[in-house]
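Residue strings, one per chain:
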Amino acid sequence: MRAFEYARPTSVDDAVRLVAERPDAGFIAGGTDLLNLMKDGARAHDCLIDVNALPLADVVERDGVVRIGALARMREVAEHPAVRRAAPVVSEALLNSASPQVRNMAAIGGNLLQRTRCGYFRDVGSPCNKRVPGSGCPALEGQNRAHAILGVSDQCIAVHPSDLAVSLLAVDATVLTQSPARARRIPMGEFHVAPGATPDRENALGHGELIVGVEIPITPMAATSRYLKLRDRATFEFAVVAVAAALEMNGNVVRDVRLTFGGIATKPWRSPEAEAALRGRPLTGATIAAAGQALVRGAVTREHNAFKADLVQRALDGHLRDLAGVQ
Ligand SMILES: Cc1cc2nc3c(=O)[nH]c(=O)nc-3n(C[C@H](O)[C@H](O)[C@H](O)COP(=O)(O)OP(=O)(O)OC[C@H]3O[C@@H](n4cnc5c(N)ncnc54)[C@H](O)[C@@H]3O)c2cc1C
Ligand code: SF4
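Figured I'd write up the structure that's included with this text. (Residues numbered from 1 in each chain as written. Chains lettered and ligands numbered in written order. Predicted model: local features only at pLDDT ≥ 70, side-chain atom pairs only at ≥ 80, totals over all residues. Heavy atoms only, no water.)

1. Considerations on the nonpolar core
Cut-off, in case you're wondering: In plain words, nonpolar cores are sets of buried Ala, Val, Leu, Ile, Met, Phe, Trp, Tyr and Cys residues tied together by side-chain atoms within 4.5 Å. Burial classification: accessible surface area is computed with a 1.4 Å probe over protein chains only, and a residue below 20% of its type maximum counts as buried, one above 50% as exposed, and the rest as partly exposed. Only DSSP runs of H or I reaching four residues or more are called helices, and only runs of E reaching two or more are called strands; each is numbered from the N terminus. Throughout, a contact is declared for two residues whenever any of their heavy atoms are within 4.5 Å.
If you look at the biggest cluster of nonpolar residues, it comprises 41 residues, and the most contacted ones within it are Ile68, Val90, Leu112, Leu168 and Ile216. Ranked by the residues each element gives to this core, the list is headed by helix H9 (residues 163-170), at six residues. Ignoring anything within four residues of it in the chain, the contact list for Ile216 reads Gly64, Val65, Val66, Ile68, Ala87, Val90, Leu168, Val171 and Ala173. Within the second largest apolar cluster, 28 residues are counted, among which are Val243, Leu259, Trp269 and Leu316.

In structure tokens:
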């Protein structure tokens with residue numbers, strides 16, 4: 001592990017200035033992802049700015065939103081009554097993430113910015129376009145069972161790992177940021193970006209821009225939202241397929257729906273096509289199947305991950321039936 005400088009400022013202004021003025025400086029929160037990457041040599045910083053002394057740990061319900069500070073820990077947010085009431089999908093996504101130890105340590109901002117679990121990315125002995133642009137992508141023809149089928153490019157097919165991000169997209173949350181120049185509000189749908197020709201760029205943040213919080217609007221639909229995660233073992237494991245759904249019914253007709261997915265895409269994935277196949281229609285096996293087909297239309301599968309196209313449709317079917325209480 002390379003030596004680095006360390007500072008623990010107590011104001012947001014100081015924290016963003018200290019990172020912005022050095023190209024290789026970075027923020028650290030819980031350190032549960034960043035320190036592993038630095039030890040493995042997959043990330044290098046010459047200076048770490050510890051954000052844990054900043055006043056950003058509160059969860060507050062006010063003016064029609066639940067505002068979650070970027071330093072609130074995964075466990076606190078999962079258990080917070082306002083979050084559970086306004087957006088059960090967020091609480092469930094967090095409780096289905098990592099382990100109790102990691103959830104005690106890891107913060108909301110760090111969770112949204114955790115890096116992919118693609119093994120080639122974390123192994124500095126392998127080429128990887130995300131880690132070293134232009135070096136190649138061994139996953140295209142290699143071990144790609146865990147990789148994405150949606151939002152992929154010929155440069156990178158790595159899955160976005162955060163369960164929280166998928167759930168926040170389902171409830172139309174907004175990420176609040178601060179840089180030396182300005183404060184910004186970034187809709188979750190614009191926060192993460194697909195790899196395209198620049199897989200090293202994963203989100204809308206500039207260098208030195210700090211996540212200060214996340215806002216969840218309080219709506220009747222978000223209050224019905226639920227998370228389903230399928231994984232290889234019951235704990236301490238990332239999603240093979242995940243579905244976050246918010247549903248508003250009128251009798252047996254879908255009045256409105258939001259559907260987002262994890263485990264299958266290079267960024268938290270919303271499917272307007274699947275939603276359109278359900279909106280205004282009765283919730284039946286046929287309409288759910290049409291939604292599932294609309295979701296995976298355009299999917300690009302590879303040798304070991306083709307099963308995900310079928311699995312995600314079955315997960316969607318089961319999850320929507322559970323949510324609506326239909327057989
Ligand atoms: C064994 C294991 C299993 C896991 N399973 C899951 C899982 O199932 N689902 C899941 O979603 N996650 C899972 N995780 C990932 C875990 O949730 C993340 O490691 C954690 O959320 C990262 O948060 P942190 O506070 O420790 O971030 P850090 O490691 O401190 O930082 C991560 C990144 O975010 C940046 N950063 C941190 N805070 C801010 C901020 N406020 N503004 C701007 N940049 C910031 C850092 O610079 C760094 O680049 C797992 C992790 C482990 C180790
Ligand atoms: S899928 Fe992406 S992260 Fe994985 S090796 Fe290819 S370029 Fe790297």
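Having put the structure on the table, let's press on.
2. Focus: the site of ligand 1
Quick note on the threshold: One heavy atom within 4 Å of a molecule or strand is enough for the residue carrying it to be called near that molecule or strand. The definition of a polar contact used here is a pair of N or O atoms within 3.5 Å, where within protein one atom must be able to donate a hydrogen and the other to accept one, and adjacent residues in sequence count solely through side-chain atom pairs. When residue character is reported, Ala, Val, Leu, Ile, Met, Phe, Trp, Tyr, Cys and Pro are called nonpolar, Asp, Glu, Lys and Arg charged, and the others, Gly included, polar.
Near ligand 1 you find 31 residues, and of these Phe27, Gly31, Thr32, Leu34 and Asp163 are the closest. A distance of 3.5 Å separates a nitrogen atom of ligand 1 from a polar atom in the side chain of Ser97. One of the backbone nitrogen or oxygen atoms of Ala98 is found 3.1 Å away from an oxygen atom of ligand 1. Residue contributions to the shell around ligand 1 peak at three residues, all from helix H7 (residues 108-112). In the shell around ligand 1, the residues fall into 16 nonpolar, nine polar and six charged.

3. A look at the sheet that holds strand S11 (residues 253-262)
For the record, the criterion: Here, any two strands with at least 2 DSSP bridges between them count as paired. The axes are straight lines fitted to the C-alpha atoms, using for helices just the contacting stretch, and the angles between their N-to-C directions are given from 0 to 180°.
Strand order in the open sheet formed by four strands is S9-S10-S11-S12, with antiparallel pairing between adjacent strands. Each edge of the open sheet carries a strand with a single partner, namely strand S9 (226-230) and strand S12 (269-270). As defined by bridge partners, strand S10 (residues 241-250) adjoins S11 across nine bridges and the pair is classed as antiparallel. Following the sheet pairing, Val243 is matched in S11 by Phe261. Across the sheet, helix H5 (residues 88-95) lies against S9 and S10, angled at about 25° from S9, the strand it touches most. Contacting S9, S10 and S11, helix H13 (residues 307-324) crosses the sheet at an angle of about 35° to S10.

4. A few points about the pairing of S10
Summarising burial for S10: seven of the ten residues are buried, a large majority. Here S9 pairs with S10 via five bridges, running antiparallel. The partner of Leu228 across the bridge, within S10, is Val243. The antiparallel pairing of S10 with S11 creates a hairpin that spans two residues between the two strands, and Gly251 there sits at a positive phi of about 65°.

5. Regarding the sheet that holds strand S8 (residues 210-217)
A sheet is described by the order of its strands in space; here five strands give the open sequence S4-S5-S8-S6-S7, paired in antiparallel fashion. If you trace the sheet from one side to the other, it starts and ends with strand S4 (59-62) and strand S7 (183-187), each paired once. Shown here is a sheet whose adjacent strand axes are inclined to one another by a mean of 25°, direction ignored. Of the pairings in the sheet, the one linking strand S5 (residues 65-69) to S8 comprises five bridges and is antiparallel in character. Within S8, the position partnered with Val66 by the bridge is Ile216.

6. Focus: the environment of Ala70
Looking at the element boundaries, Ala70 is found in the loop between S5 and helix H3 (74-79). Linking Ala70 and Leu56, residues 14 residues apart in sequence, is a C-alpha distance of 5.7 Å. In this structure, Ala70 is in contact with Leu56, Ala107, Ile108, Gly109, Ile211, Val212 and Gly213, ignoring residues within four places of it in sequence.

7. Some details on the environment of Gly196
With respect to the element layout, Gly196 can be found in the loop between helix H10 (188-191) and S8. Between the C-alpha atom of Gly196 and that of Gln155, which follows or precedes it by 41 residues, the distance is 6.9 Å.

8. Considerations on the side chain of Ser162
Relative to the assigned elements, Ser162 resides in the loop between helix H8 (119-122) and H9. A distance of 3.3 Å separates a polar side-chain atom of Ser162 from the backbone nitrogen of Leu164.

9. Re the pairing of S11
Where burial is concerned, most of S11 is hidden: seven out of the ten residues are buried. Of the pairings in the sheet, the one linking S11 to S12 comprises two bridges and is antiparallel in character. Across the sheet, the residue bridging to Phe261 is Trp269, located in S12. Once S11 ends, the chain turns through six residues before running back antiparallel as S12, passing Gly263 with a positive phi of about 80°.

Remember that the coordinates give geometry; whether it matters functionally is a separate question.
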